[in-house]
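Notes for the structure review
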Amino acid sequence: MTATISVNGSSADYPVHAGSVGPEVIDIRKLYGNTGRFTYDPGFTSTASCESKITYIDGDQGVLLHRGYPIEQLAEQSSFLEVAYLLLNGDLPNQQEHDEFKYLITRHTMVHEQLATFYRGFRRDAHPMAIMCGVVGALSAFYHDSTDIHDPKQRTIACHRLIAKMPTIAAMAYKYSVGQPFLYPDNSLSYTGNFLRMTFGVPAEPYVINPVVEDALDKIFILHADHEQNASTSTVRLAGSSGANPFACIAAGIACLWGPAHGGANEAALEMLREIGRPERIPEYVARAKNKDDPFRLMGFGHRVYKNYDPRAKVLGAAATKVLDTLGISDPVLDTARELERVALSDDYFIEKKLYPNVDFYSGIILSAIGFPTSMFTALFALARTTGWIAQWTEMMEDQDQKIGRPRQLYTGHGPRDYVPLAQRG
Ligand code: SDX
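We now turn to the structure provided with this report.

Conventions we followed
- Residues numbered from 1 in each chain as written.
- Predicted model: local features only at pLDDT ≥ 70, side-chain atom pairs only at ≥ 80, totals over all residues.
- Heavy atoms only, no water.
- Helix = DSSP H or I, 4+ residues; strand = E, 2+ residues; numbered from the N terminus.
- Expected span 1.5 Å × (residues − 1).
- Contact = heavy atoms within 4.5 Å.
- 1 Å grid on protein atoms, 1.4 Å probe; cavity = no way out; pocket = protein on both sides within 12 Å on 5 of 7 lines; lining within 4 Å.
- Points joined across faces, edges and corners; volume = space filled by probe spheres on them.
- Polar contact = N/O pair within 3.5 Å; in protein donor to acceptor, adjacent residues only side chain to side chain.
- Near = heavy atom within 4 Å.
- Areas by Shrake-Rupley, 256 points an atom, 1.4 Å probe, with all protein chains shown as cover.
- Nonpolar A, V, L, I, M, F, W, Y, C, P; charged D, E, K, R; others polar.
- Salt bridge = Lys/Arg side-chain N within 4 Å of Asp/Glu carboxyl O.
- Pairing = 2+ DSSP bridges.
- Buried < 20%, exposed > 50% of the residue type's maximum accessible area, 1.4 Å probe, protein only.

Things to note about helix H12 (residues 265–276)
Counted at 1.5 Å a residue, the expected span for H12 with its 12 residues is 16 Å, and the 16 Å between its end C-alpha atoms agrees. Buried residues in H12 make contact with helix H13 (282–290), helix H15 (332–345), helix H17 (360–370) and helix H18 (377–397). One or two steps after H12, the chain reaches Gly277, where phi turns positive at roughly 75°.

Spelled out as structure tokens, the structure:
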């Protein structure tokens, strides 16, 4: 099938490609050559940047599939490490593949001892995402044996190193912020249990992992693992398209994720809920969110793709109640969140604009109940999303069609003009 584009009396046909599911794409790679014109799509609202087999989202139906498996089933029945295998390799592992992958990842959980000195250069009150950007980028200064992006073996080792070391690096960022000593990984523990112990354990006594917390956090990691071509994943792909090493690409993804419109929304959402405080203050904030002259937006609400309920938010909303009940924690913020969701979803503004809670709306309530400060929330998002980023980066590196990403622009600045010496300027 083709699409015909006519401009100024001349027209040309462009191929239309169909995916296995979801919208078709119009291949406009020859548009500029044929017409001398670019497409114009700030924010890439109607632009497919690549072909991918990893994650599929149906925003209207609220569907999220990883390699075809619904996120609800993965969250309920799988583990984060198994989902990492699935995203990287395309299928769920059998027992031998699962055990081999777990062994490979645990072999890389420690970081180079000198990396610990990087933390000393930060203020104790540095934001953990500032530390993550710096330390993850610095990994490329240590692991020269896995920065040759054209060697598939080195690419695989770099993927395993990043998945394995992100919990260690994130835990060290937290420990540094509270002035406690770093704990080395204990590879007898699960991936998430290891992270919990490195974060909340101390050398002075054994750390007992609460299975409810371990399960809830592992579920949170699964729900944050990958999400198609979101802003940070697109950043990782764009960085990788220039041939940058994988550690530098993931550091770029961390920087992009930090923004409050993206991964930083989980921290901003809990702070917003705490600022609202009581349900009776909700109408004031909903009015502000609807006011065009007020930059305030409901954090954890709305999504570029989901025009229905974010399936991850559904799982997290249910998990929030279960985790708080099981831990015997009563957090009034959860009641505020529930009431805010009810009010917003019955308000014409949110209904007409199809604004629903997204992954960031409830996650902070659970993370706070587990004991994480809000400043760690986005670092946890980055820990989990590293698996998706590195799977997408690998897919791009294996794509024969991939080339350096280099968008064009609509130029509205000055036309040519001659330089005027300073003495002659008014
Ligand atoms: C993540 O892309 C991904 O997949 C991201 C992510 C992932 O897993 O990688 O899902 C993770 O980033 C989730 C989103 C977290 N961000 C927030 O919760 C911040 C609050 N949400 C908004 O900033 C916004 O909804 C975005 C950024 C998420 C989406 O913005 P879009 O797609 O550019 O949509 P938009 O800003 O054009 O909004 C459409 C309309 C606008 O009104 P009009 O200009 O049409 O009059 O809806 C309004 C917006 O003003 N709107 C909101 C709103 N979100 C959108 N109004 C009030 N509160 C909000 N939260």
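A closer look at empty space enclosed by the protein
Going through the model one piece at a time under the given rule, you end up with 1 cavity of 30 Å³ or more. Considering only enclosed or pocket space, the largest cavity measures out at about 80 Å³ in volume. Together, 13 residues line the largest cavity, and Ile105, Thr106, Thr109, Tyr191 and Asn194 are the ones closest to its centre. Among the elements of the structure, helix H4 (95–106), helix H7 (152–178) and helix H8 (191–200) are those that each provide at least two residues to the lining of the largest cavity.

So, the side chain of His227
Relative to the helices and strands, His227 is located in the loop between helix H9 (211–223) and helix H10 (231–241). One polar contact links His227 to Tyr306, side chain to side chain, over a distance of 2.8 Å. Side chain to side chain, His227 and Arg312 meet in a polar contact 3.4 Å long. Not counting residues up to four positions away in its chain, the partners in contact with His227 are Thr55, Ile57, Leu64, His303, Tyr306, Arg312 and Arg385.

Quick notes on the site of the ligand
Taken together, 24 residues form the shell around the ligand, and within it His227, Leu298, His303, Arg304 and Arg312 come nearest. In the environment of the ligand, a nitrogen atom lies 2.7 Å from a nitrogen or oxygen atom belonging to the backbone of Leu298. Burial of the ligand by the protein amounts to 78% of the accessible area it has alone, namely 1,100 Å². Residue composition of the shell around the ligand, grouped by class: 10 nonpolar, 7 polar and 7 charged.

Observations concerning the side chain of His108
Mapped onto the elements of the fold, His108 is located in the loop between H4 and helix H5 (115–120). Each residue touching His108, except ones within four places of it in the same chain, is listed here: Ile157, His160, Arg161, Ala164 and Lys165.

Section: the pattern of salt bridges
Within this structure, the stated rule accounts for 13 salt bridges. A salt bridge links Arg29 to Asp27, with the nearest nitrogen and oxygen atoms 2.5 Å apart.

Points about the sheet that holds strand E3 (residues 25–26)
Pairing is antiparallel across the open sheet formed by 3 strands, whose spatial order is E1-E2-E3. Since the sheet does not close on itself, it has two edges, and those belong to strand E1 (2–7) and E3, each with one partner. As paired strands, E1 and strand E2 (residues 10–17) are joined by 6 bridges and run antiparallel to one another. Directly across from Ser6, in E2, lies its bridge partner Ser11.

A look at unusual backbone geometry
Positive phi is not limited to glycine here, since Phe44 has a value of about 55°. In this structure, Phe44 sits in the loop between helix H1 (31–35) and strand E4 (55–58). A residue is classified by how much of its surface remains accessible, and Phe44, at 55% relative accessible area, is exposed. The backbone of Lys354 sits at a positive phi, close to 55°, despite the residue not being glycine. Turning to its location among the elements, Lys354 is positioned in the loop between helix H16 (348–352) and H17. Taking the relative accessible area as the measure of exposure, Lys354 reaches 41% and is therefore partly exposed.

Notes on the pairing of E4
Examined bridge by bridge, E4 and strand E5 (residues 63–66) share 4 bridges and lie antiparallel to one another. What sits directly across from Thr55, in E5, is His66.

Re the environment of Lys354
Taking the C-alpha atoms as reference points, Lys354 and Tyr309, 45 residues apart in sequence, are found 8.9 Å from one another. Those residues within four positions of Lys354 in sequence are excluded, and the remaining contacts are Tyr306 and Lys307.

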